[in-house]
Amino acid sequence: MGELATENTGGGFLREAMHNRRLLGVALIAAIGGFLFGYDTGVIGGAMLFMKKDLGLKTNGMQQLTVAILLLGAVTGALIAGWSADMFSRRRTKIVSGCVYVIGAFGCAFAQSYWQILAARFWLGLAVGCASFVSPMYIAELVPPKIRGGVVSFNQLMITSGILLAYIADWGFAGFSNNWRWMFGVAAIPGAALAIGMFFMPFSPRWLIEKGREDDARKVLSRYRDSDDEVDREIEEIKDVSSNEASLRDLLKKGVRRMLVVGIGLAVFQQIVGINTVIYYAPTILKFAGQKNTGALTQSVFIGCTNVVFTIVAILLLDKLGRRFFLIGGTSILTAALVGLGVFFASPSVQHAVPWLALACLLTYIMGFAVGLGPVFWLMISEIFPIQMRGPAMAVCTMFNWGLNFAISYTFLTLTSAITKQGTFWLYAGFGVLAILFFVTLVPETKDRSLEEIQAELGADTDAALTHEREPEAARA
Ligand code: BGC
């Protein structure tokens, strides 16, 4: 019997968390990190419409860097957080990241110049990168193994909710003077809630065991598990995995390369179909399409709602219909929407005859992303790798994801000037077609399948590649 790739997506997670109130409390506090990741990346869209005048961000280059520098901070933050979560604990790292969020929120809100906003956004990025890594890790280490797979989708739901709230804040503050300062500033509240809330949360049992504090780990686990047997089994599993973890060098060995190609491919395609040009520049794109500031901000809220609603649809149906169905179907939908968006910008007569087409395409695009690449990328990278190499392999895929996110966000406005708006959206559509080909030919179905079956399909030989022993039967779900 093999380890099932994942036991369920978010549905089971939410059910179990509702049943176990203590668990729900911890998950919610820890998930503020994911929520702030969404908020701080999404808020720039509306804020940019106003701040570019106040801070003199005259060129495309200045605006793009203000948006994208947060992503460079995120790559740095994820690296630091990976080290600090092991060294000082996930819990303390999250307390510090809450404080970093608060300082970053004030830094952005009070910025007086281009250089100051760049510094503050980079700083905020440190906390975002940390959240993208440590939040799901901490929650996954506290919840029972049978619902661990759901944490990933739950995190995606928190990110999309953060983006939605950012759009609502952008819209709500639009009529105030100095509004963009408020848009950034209110994020200090959840940042403080994260720092204070985490102060009262336990250490992760896995971290405690790695630090030789097995008795403390046992105490924490017994508060969140139904029986002593469960606690014993899990402690054994944690010890086994910790002592057999693969190194970064193991990832390059022949037997596992193909899995890494799938993981990195998903990371790259998730970004190069242009999701974050829509998330970070939605109001700007809607203004390109003829909207005024307020109309653009109201319509962005529709985009944020669609993102949340279809993420929930995906979470509920991914276990029934499979990952490939949503990945291929969702990416086909978003590619068609990109073609439509290009047609809209290419043809003044279309703009005149169907002025709502740009919004319709953006909504269709976000729907296709939210049911497919949005949750499925994060879910699959937590499913395809054997447990000993999951940590380092996911870290590599996450780095690629942030790196490409930076490249796309940093070049969007320049591209619209260089190859026109339609050219830019058609380029992303081209990447969409490549993505579909990649999914059809290389990405395995992971629903209801064991890791051995997935590895067999990928022609992977992890036993030979990893010199470490596989985990014992008892550790498998
Ligand atoms: C992506 C982010 C994106 C978000 C939008 C996530 O899965 O990794 O880059 O902003 O989805 O919902």
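With that settled, consider empty space enclosed by the protein. Per the stated rule, a full pass over the model turns up 2 cavities of 30 Å³ or more. Of the pockets and cavities examined, the largest cavity occupies roughly 220 Å³. Lining the largest cavity are 18 residues; nearest its centre among them are Phe-37, Ile-159, Ile-163, Gln-271 and Asn-276. Residues belonging to the lining of the largest cavity are distributed by class as follows: 9 nonpolar, 9 polar and no charged. Here the lining of the largest cavity spans two domains, and each of domain 1 (9–201) and domain 2 (251–467) adds at least three residues to it.

What follows is about the domain arrangement of the chain. Domain annotation for the chain reports domain 1 (9–201) and domain 2 (251–467). Distance from the C-alpha centre of domain 1 to the C-alpha centre of domain 2: 21 Å. Counting residues at the interface gives 41 residues for domain 1 and 42 residues for domain 2. A buried area of about 3600 Å², summed over both sides, lies between domain 1 and domain 2, and 75% of it is on carbon and sulfur atoms. Applying the counting rule to domain 1 against domain 2 returns 0 salt bridges. Taken together, the elements giving at least two residues each to the side of domain 1 that touches domain 2 come down to α1 (10–19), α2 (21–42), α3 (44–54), α4 (60–87), α6 (114–142) and α7 (148–173). Considering only residue class, the side of domain 1 that touches domain 2 consists of 23 nonpolar, 17 polar and 1 charged.

Right, let's get into the nonpolar core. Grouped together as the largest cluster of nonpolar side chains are 153 residues, with contacts concentrated most on Met-51, Tyr-101, Trp-180, Phe-184, Phe-385 and Phe-439. When residues are assigned to domains, this core turns out to be shared by domain 1 (9–201) and domain 2 (251–467), each giving three or more. When near neighbours in sequence (up to four residues on either side) are disregarded, Phe-385 contacts Met-259, Leu-260, Gly-263, Arg-390, Ala-393, Cys-397 and Leu-451. Ala-81, Cys-130, Phe-133 and Ala-395 belong to the second-largest nonpolar core, a separate cluster that totals 6 residues.

To continue, consider the side chain of Lys-94. Relative to the helices and strands, Lys-94 resides in helix α5 (residues 90–109). No salt bridge is formed by the buried Lys-94; the nearest opposite charge belongs to Glu-141, separated by 11 Å. Looking at Lys-94, its side chain comes within polar contact range of the main-chain oxygen of Ala-30, at 3.1 Å. Every residue in contact with Lys-94, bar those within four places of it in the chain, is listed here: Ala-30, Gly-33, Val-134, Ser-135, Tyr-138, Leu-194 and Met-198.

Definitions and limits used
- Residues numbered from 1 in each chain as written.
- Predicted model: local features only at pLDDT ≥ 70, side-chain atom pairs only at ≥ 80, totals over all residues.
- Heavy atoms only, no water.
- 1 Å grid on protein atoms, 1.4 Å probe; cavity = no way out; pocket = protein on both sides within 12 Å on 5 of 7 lines; lining within 4 Å.
- Points joined across faces, edges and corners; volume = space filled by probe spheres on them.
- Nonpolar A, V, L, I, M, F, W, Y, C, P; charged D, E, K, R; others polar.
- Domains from an automatic or database assignment.
- Contact = heavy atoms within 4.5 Å.
- Buried area = accessible area lost by both parts, 1.4 Å probe.
- Salt bridge = Lys/Arg side-chain N within 4 Å of Asp/Glu carboxyl O.
- Helix = DSSP H or I, 4+ residues; strand = E, 2+ residues; numbered from the N terminus.
- Core = buried A, V, L, I, M, F, W, Y, C linked by side-chain atoms within 4.5 Å.
- Buried < 20%, exposed > 50% of the residue type's maximum accessible area, 1.4 Å probe, protein only.
- Lys, Arg positive; Asp, Glu negative; His and termini not counted.
- Polar contact = N/O pair within 3.5 Å; in protein donor to acceptor, adjacent residues only side chain to side chain.

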